[in-house]
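Each chain, letter by letter, is given below.
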Amino acid sequence: DHTNRNHWCIRKKTEVPAGETILPSVWAMKRKRKIATREVYKWKSRLNLGGHKMIAGKHYDQTYAPALQWLTIRLFLILAILNSWHSRQIDFVLAYPQAPVPRPTYMELPIGITFPNGINRQEHCLELLQNIYGGKDSGRTWYQYLRANLIDKLHFEPSNCDECVFYRGSTILLVYTDDCILIDKESQANIDNLL
């Protein structure tokens, strides 16, 4: 998926500018289990940037990304129930890679992936074009990208009380990492049109 979506391009290590670090690639593996039986029903893997090797001031400046408070989620869901407002939970698919990288970033070729002939881990690396999971500033980069698009393209207004709450007309958007809850005071159609 990363290659097909142009999240990176392959570079010769000799093309990497002097002083740039080629960061490791790290696989995160996960088992999904059924709640009742604990039986494994799905195996998942995600390729991450090795953020543990990132250096403040060189690879990133800030890491802070706001997080929606559970109190805020509960408050808006209670209001939605009491007032018969419409709501829907959504998950952004491959959220972090939707945002471009804020600075040049290079990563080792991941182990376990077959590349075309002539491409090898000793001579080649990946230049990241899009933000990916694992970087110390990945959450911040995604949040800033999402916020800018919500305000500039979709004309939402941010809340003065919580950085993860946005308003547009009768619609309220609650953002938590790469998920969100949409609430509309008037109709389900407003939510469907927004999606």
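Right above here is the structure, for reference.
These remarks concern the structure in this document. All residue numbers here refer to positions counted from 1 along the written sequence of the relevant chain. In keeping with the predicted nature of the model, local features appear solely for residues at pLDDT of at least 70, side-chain atom pairs appear and are counted solely at 80 or more, and the whole-chain, interface and lining totals rest on all residues. The side-chain quantities take in all heavy atoms of the structure and omit both hydrogens and water.

**Let's talk about the packing of aromatic side chains**
The relative placement of two aromatic rings is captured by the distance of their centres and the angle of their planes.
Here is step 1: By convention, a stacked pair of Phe, Tyr or Trp rings (six-membered ring in the case of Trp) has centres within 6.5 Å and planes under 30 degrees apart, an edge-to-face pair has planes over 60 apart, and any other such pair is tilted. If you walk through the whole model with that rule in mind, you get three aromatic pairs.
Here is step 2: Aromatic pair Trp142 and Tyr145: ring centres 6.5 Å apart, planes at 35°, arrangement tilted. Pair noted here: Trp142 and Tyr145 are both in helix H2 (residues 138-152), with a separation of three residues, about one helical turn.
Here is step 3: Three exposure classes are used, based on accessible area relative to the maximum for each residue type with a 1.4 Å probe and protein chains only: buried under 20%, partly exposed in between, and exposed over 50%. Owing to a relative accessible area of 3%, Trp142 belongs among the buried residues under this scheme.
Here is step 4: What links up through ring pairs into an aromatic cluster is the set Phe92, Trp142 and Tyr145. For the purposes of this entry, the term helix denotes a DSSP run of H or I that reaches at least four residues, the term strand denotes a run of E that reaches at least two, and both are numbered from the N terminus.

**Digging into empty space enclosed by the protein**
Here is step 1: Of the two site types, the cavity is a set of points on a 1 Å grid over the protein atoms alone where a 1.4 Å probe fits but cannot get out, and the pocket is an open set with protein on both sides within 12 Å along at least five of seven lines, each lined by residues with an atom within 4 Å of a point. Grid points are joined across faces, edges and corners, and a volume is the space filled by probe spheres set on the points. A complete count under the given rule lists two cavities of 30 Å³ or more for this structure.
Here is step 2: Considered as a void within the structure, the largest cavity measures approximately 100 Å³ in volume.
Here is step 3: Lining the largest cavity are 13 residues, and of these Leu49, Val101, Thr105, Asn131 and Asp137 lie nearest its centre.
Here is step 4: With four residues, strand E6 (residues 100-108) is the largest single contributor of residues to the lining of the largest cavity.
Here is step 5: Among the residues making up the lining of the largest cavity, the classes are represented as six nonpolar, five polar and two charged.
Here is step 6: Of the volumes computed, that of the second largest cavity is approximately 30 Å³.
Here is step 7: Looking at the second largest cavity, the residues that line it are Glu20, Thr21, Leu23, His59, Arg103, Pro104, Thr105 and Tyr106.
Here is step 8: Among the elements that make up the lining of the second largest cavity, the one with the highest residue count is E6 (four residues). Residues were grouped as follows: Ala, Val, Leu, Ile, Met, Phe, Trp, Tyr, Cys and Pro as nonpolar; Asp, Glu, Lys and Arg as charged; and all remaining residues, including Gly, as polar.

All quantities given are derived from atomic positions and should not be read as evidence of function.
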